[in-house]
Number of protein chains: 2
Amino acid sequence: MSGERTMRRMSQESGSRRPERPPERRPERRVSSQIQREVMQLILDRKLRAGAPLPTETELMEDLGVSRNSVREALKALQALDIVDIRHGYGTYVGEASLTPLVDGLTFRTLARPDGDTAALAEILQIREILEEGLVRRVAASLTDDELDALAAVVDRMEAAGRAGESVAELDRDFHELLYASLGNALIPQLLGAFWTVFLRVAGARGWTDAPTPELTIRRHRDIVAALRARDVEGAQQAMSHHFRGIEARAAQASRGVG
Amino acid sequence: MSGERTMRRMSQESGSRRPERPPERRPERRVSSQIQREVMQLILDRKLRAGAPLPTETELMEDLGVSRNSVREALKALQALDIVDIRHGYGTYVGEASLTPLVDGLTFRTLARPDGDTAALAEILQIREILEEGLVRRVAASLTDDELDALAAVVDRMEAAGRAGESVAELDRDFHELLYASLGNALIPQLLGAFWTVFLRVAGARGWTDAPTPELTIRRHRDIVAALRARDVEGAQQAMSHHFRGIEARAAQASRGVG
DNA sequence: ACCGGGAGGTGGGACGTCGGATGTCCGGCG
DNA sequence: CGCCGGACATCCGACGTCCCACCTCCCGGT
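These numbers come from a predicted model, not from an experiment.

Novice: Hey, could you go over the environment of Leu183 of chain A for me, with residue numbers and the actual values?
Specialist: Take Leu183 of chain A: it is sitting in the loop between helix H7 (168-179) and helix H8 (187-206). For the pair Leu183 of chain A and Ser142 of chain A, spaced 41 residues apart in the sequence, the C-alpha separation amounts to 9.1 Å. Residue contacts for Leu183 of chain A: discarding those within four places in its chain leaves Leu135, Arg138, Val139 and Ile188 of chain A together with Gln126 of chain B.

Here it is in structure tokens:
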């Protein structure tokens, strides 16, 4: 019973300055999340593009009739979703609405798995595998020779980087991004990139070695390009399949070796 | 506009009273985002599962040596990512880390597209199509008769609901979720559900009619089940393909009719 | 045994204040 | 005349304090 010092007075005075808080029982459901919706609606109504300036915190505070604290909490939440971009000393701007929150969420969820790292990572890899198998089938027929040359060039650079002991990971990313560029679907490289980033982050957090045998990876990519050049849809899909089998094996091996 | 002079006096005595220079306290880069990382790390270190209670705001404030405001902003951001679940008057808990942020982000990004609604929605639909084509190929060989019966039952319920003019959308969701349940990949239904939710929300915001012709949708689902029952992998994939062709056509029609 | 109300704890929100970061503008210097 | 640097205005970053809303639990009255 130590600590009854809270003893908040009952405001029996009640005559304090409370201008006229309208007793309107307008709870309005969580001011902060309401502000989030209003800011999003403001962006949509004014048709603001990514990079366009938003009202300052003070303006939002006055326009919406809430405190700056609530405005900042709402903006922080929108910032976490990459819907808003806050720059210190400069202002608040419309964000790119990228898949960054997906990356953060998946990374956290994967790292938070108590049982095994492999299970959660395998789920992500399986989705990437299914996606890329279907994707390679679609682009197999429509790839031009120039695009095939560009893909082969990326593999060449991978080989050079691998020989020099450099980062093959970035080029791997470029390869897959370039492969599906002709589809004109901007979401696809972002989604694949998100999965890829999650994989790299989890691998980094687990302390896995980045790529023990880049030769195998490069070989798989060469196989994919070769099949595509031959307009062999089934072969390309199988090559992609083999590629992922290798990634899964490497992940499983790494998790056994470390975890 | 409204250039109110705030006229705050500038403490030109810069560096007047500062008891001690922070010698070892490094800049620390944005307290708020640092708190986000620390809270996430706390969850990982203590191996807390979803639903487990987190330290109260006051405790975090004291443990991390920051103000309660900063703690709340960090928690708000983590709440937006569904990494944390804040319950008024109850406490803060570890969240599910669901794909809710992806849904919010994709919905916003799609609605914010100035040119056309169809383009952004078509991207999402294409990804769903590619995913489900690959998925149906994988489950086609392993589905048991019981699972096929369950799928057929869902279609029956869809037909009953369609006749009664009820919500076919929910049952549609159930069908696809049930279809891929045997893969044991928890991420797949969540990802498909996320895309599905985005589609419904955008359709709702655009004022599209929910399902003008449920008969066609039901027929496509019957085709899928029939092909699966015959263990016809190619047929199942093509049926799924037709299904999505219908969805795309409906979306294009709705966007023309309204937008 | 039941029920209602209050104490205490937790998040929700509002100000007010100060500090740091950034862009702008203007005046002095070369 | 040109340009370069410092004062200044404006923005976000953070802190402290106060009060309110919501929830749980316990305790005392019925």
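After that view, the rundown keeps rolling.
Novice: Tell me about the protein's contact with DNA strand D, and name the residues and values.
Specialist: In the vicinity of DNA strand D lie 26 residues, with Arg72 of chain A together with Val31, Asn69, Ser70 and His88 of chain B positioned nearest. Here, DNA strand D places atoms within 4 Å of the protein, and 69% of those atoms are sugar or phosphate. Contact between DNA strand D and His88 of chain A: a base oxygen at 3.1 Å from a side-chain N or O atom of the residue. Contact distances for DNA strand D include 3.4 Å between a sugar or linking oxygen and a backbone N or O atom of Gly89 of chain B.

Novice: Outline the nonpolar core, listing residues and values.
Specialist: Counting 145 residues, the largest nonpolar core has Leu179 and Leu228 of chain A together with Leu131, Leu179 and Leu228 of chain B as the members making the most contacts within it. Among residues more than four places away in sequence, those in contact with Leu228 of chain A are Val136, Ala140, Leu143, Leu148, Leu151, Leu179 and Ala236 of chain A.

Novice: Which residues make up the packing of aromatic side chains, and what values do they have?
Specialist: Any two aromatic rings considered together are summarised by their centre-to-centre distance and by the angle between their planes. As enumerated under the stated definition, the model contains four aromatic pairs over all chains in all. With a centroid separation of 5.4 Å and an interplanar angle of 20°, the aromatic rings of Tyr90 of chain A and Tyr93 of chain A are classed as stacked. With a relative accessible area of 11%, Tyr93 of chain A lands in the buried category. It is Arg87 of chain B that lies over the ring of Tyr93 of chain B; its NZ or CZ is 4.5 Å from the centre.

Novice: Describe the protein's contact with DNA strand C, naming the residues involved and giving the relevant values.
Specialist: Residues in contact with DNA strand C amount to 25 residues; listed here are only the nearest, Val31, Asn69, Ser70 and Tyr90 of chain A together with Arg72 of chain B. At the protein interface, 64% of the atoms of DNA strand C within 4 Å belong to sugar or phosphate. Between DNA strand C and Ser67 of chain A, the relevant distance is 2.9 Å, taken from a phosphate oxygen to a side-chain nitrogen or oxygen of the residue. Take His88 of chain A: an N or O atom from its side chain is 3.1 Å from a base nitrogen of DNA strand C. Put simply, the parts of the chain that give the surface near DNA strand C at least two residues each are helix H1 (31-45) and helix H3 (68-80) of chain A together with helix H3 (68-80), strand S1 (84-87) and strand S2 (91-94) of chain B.

Reading the values: rules and limits
- Residues numbered from 1 in each chain as written.
- Chains lettered and ligands numbered in written order.
- Predicted model: local features only at pLDDT ≥ 70, side-chain atom pairs only at ≥ 80, totals over all residues.
- Heavy atoms only, no water.
- Helix = DSSP H or I, 4+ residues; strand = E, 2+ residues; numbered from the N terminus.
- Contact = heavy atoms within 4.5 Å.
- Near = heavy atom within 4 Å.
- Polar contact = N/O pair within 3.5 Å; in protein donor to acceptor, adjacent residues only side chain to side chain.
- Core = buried A, V, L, I, M, F, W, Y, C linked by side-chain atoms within 4.5 Å.
- Buried < 20%, exposed > 50% of the residue type's maximum accessible area, 1.4 Å probe, protein only.
- Phe/Tyr/Trp six-rings, centres within 6.5 Å; stacked < 30°, edge-to-face > 60°.
- Lys NZ or Arg CZ within 6 Å of the ring centre and 35° of its normal.

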